[in-house]
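Here is how the chains run, residue by residue.
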Amino acid sequence: MKRNLLFLISLFTGLSLNAQDKRAFHQPFQIKVEPLELGYDYSRIGIGIEKKFMAHSLWTSFHYGTNLDYSQARDSPSGHFEYYEVELGAKRILYSDYGEYFFGGNVGFDKGKRYVDDDVYYDIDGKFAVLLENAYNYRTRLSLFLENGYEFYIGKRFSIETSAGLGLRSVQNYYSYVTNPFRLNNIEPREYRKKSQQKYVGQWIKVAVTGGLKLGWRI
Amino acid sequence: MLLTIVLTIGVPSCGGEDYAAVRDIRQVIIFDPELHQPLISPASTSSDTLLLIISTEIDFFSYHEAYVPGTMSEAWAFRPANAWMANEITDIRVFCDQPIYGQPAHHNLADQLTFGNAFDFQLSLGMFLESLPDIRDDYDFAIRDFQISLNTKPEKGTYIFTIEMEDNNGHVFVANTIPVEWL
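Structural notes, computed from the coordinates. Nothing here was measured: the structure is a model prediction, and the numbers come from that model.

### Here's the deal with the overall build of chain A
Assigned secondary structure in chain A consists of two helices and nine strands. The linear arrangement of helices and strands in chain A, starting from the amino end, is α-α-β-β-β-β-β-β-β-β-β. Looking at chain A as a whole, 43% of its 219 residues qualify as buried. The long-range fraction of contacts in chain A, counting pairs at least 24 apart against all pairs at least 6 apart in sequence, stands at 70%. Entry remark: accessible area of chain A is about 12200 Å², with carbon and sulfur atoms responsible for 62%.

Written out as structure tokens, the structure is:
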């Protein structure tokens, strides 16, 4: 218990447990790719760079996604989809024999845009629904996560990083360029469906978890 | 035995739609009850009565799973839950381009006509509107097709009727009949 307490204190005071380890100095930059995102319903790819210091690192990542095959689109979005995300993060690094543990936080902003036709959206606060011929649905999210993980070294050049995190997301969902709108007052969703979140217009904050797998290439 | 099991347990529901909304008037057919046939253009008749058959355009939206927590019978229902009405009809107006029934042209004739879902069961406008499903009532086929009875033969002439339906959101749906010549 006491050891854990000291460990936590060291994390937050910036003291390194392995300050003499020089490996981070020798390979200060990494390019990291997140390949698992290609498996999403709407394939994404994430790529970023990480700058390592003695016991800390700063990293940034950019993500882009689109639906390559419209016929695979599920859960209502029926047309073209685009997704952008930027993340900035900082880590506290603890070196081990085979890699490094890390603990840190990141802030991210993403925006998704999708074309929908012959659909409906519900304004939760306004308590009305709008039938529409076609429109663009936008979702923006501001995310704040605390995360930890482990980065395995694979030789001198490569690494695999796994991480998991917990945080908050502020989500805003809205529609624009709505053609032929047909407003129905005093109508609310009969049942909230997680898979149809694009139908609910409004802004809300929710607790979220995150996980990631990154392939790293040291420069 | 298999049939008994199937009937007891049921089959997974295919789900339904959350809501049904009256979106427009799809078409108005002039029906001659004496000839038992619709009139097509050029329409002419000597019948004492004509029916305007109004077909509405209904939009169903937002997929709905037929599931009520805690009730297995609902989760395994044979039929999905009914869609609810997302709007309701609050007024129906009928206009004619010619003077008719002692009223000037373009005057609302609805109070002089009868409405219903069957030729032999007609109601006044107020009672008919009461019979239609309200918002959040189960969708009812009565809203899909109904009839307006022109139950008095007017003066000889050619008439075009205009139907206006208004919903609780202020949407006004408009449709015209083909010209009909009353002989």
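### Structural notes on a nonpolar patch on the surface
All names here are of chain A. Nonpolar side chains collect at one region of the surface, where Phe62, Tyr84, Val86, Leu88, Val107, Phe109, Leu142 and Leu144 lie side by side and expose about 740 Å² of accessible area between them. Of all the secondary-structure elements, those providing two or more residues to the nonpolar patch are strand E4 (81–95), strand E5 (99–123) and strand E6 (128–154). Per-element accounting of the nonpolar patch gives the leading share, three residues, to E4.

### A closer look at the sheet that holds strand E11 (residues 161–167) of chain B
All names here are of chain B. Taken in spatial order, the three strands of this open sheet run E6-E11-E12, and their pairing is antiparallel. Lying at the two open borders of the sheet, with one neighbouring strand each, are strand E6 (89–96) and strand E12 (172–176). The mean angle between the axes of side-by-side strands here comes to 15°, regardless of whether they run parallel or antiparallel. Note: E11 against E12, five bridges, orientation antiparallel. Along E12, the bridge assignment pairs Met165 with Phe173.

### Focus: the packing of aromatic side chains
Applying the stated criterion to the full structure yields 18 aromatic pairs over all chains. Between the aromatic rings of Tyr115 of chain A and Tyr136 of chain A, the centroid separation amounts to 5.6 Å while the plane-to-plane angle is 65°, which identifies the pairing as edge-to-face. Separated by 21 residues along the polypeptide, Tyr115 of chain A in strand E5 and Tyr136 of chain A in strand E6 bring together distant segments of the chain. Overall, Tyr115 of chain A belongs to the partly exposed group, its relative accessible area being 27%. The exposure class assigned to Tyr136 of chain A is partly exposed, which follows from its relative accessible area of 29%. Between Tyr150 of chain A and Phe152 of chain A, the ring centres sit 4.5 Å apart and the planes meet at 65°, which makes this aromatic pair edge-to-face. The buried category is assigned to Tyr150 of chain A, whose relative accessible area is 12%. Counting every residue linked through ring pairs, the aromatic cluster contains Tyr101, Tyr150 and Phe152 of chain A. The aromatic ring of Phe102 of chain A is capped on one face by Lys91 of chain A, whose charged end is 4.1 Å from the ring centroid. Seen from the ring of Trp84 of chain B, Arg190 of chain A lies directly overhead, with NZ or CZ sitting 3.9 Å from the centre.

Definitions and limits used
Residues numbered from 1 in each chain as written. Chains lettered and ligands numbered in written order. Predicted model: local features only at pLDDT ≥ 70, side-chain atom pairs only at ≥ 80, totals over all residues. Heavy atoms only, no water. Helix = DSSP H or I, 4+ residues; strand = E, 2+ residues; numbered from the N terminus. Buried < 20%, exposed > 50% of the residue type's maximum accessible area, 1.4 Å probe, protein only. Contact = heavy atoms within 4.5 Å. Areas by Shrake-Rupley, 256 points an atom, 1.4 Å probe, with all protein chains shown as cover. Patch = residues over 30% accessible without salt bridge, like charges linked within 9 Å, V, L, I, M, F, W, Y side chains within 5 Å. Salt bridge = Lys/Arg side-chain N within 4 Å of Asp/Glu carboxyl O. Pairing = 2+ DSSP bridges. Axes fitted to C-alpha atoms, helices over the stretch in contact; angles between N-to-C directions. Phe/Tyr/Trp six-rings, centres within 6.5 Å; stacked < 30°, edge-to-face > 60°. Lys NZ or Arg CZ within 6 Å of the ring centre and 35° of its normal.

Everything listed here is a matter of coordinates, which is why it stays silent on function.
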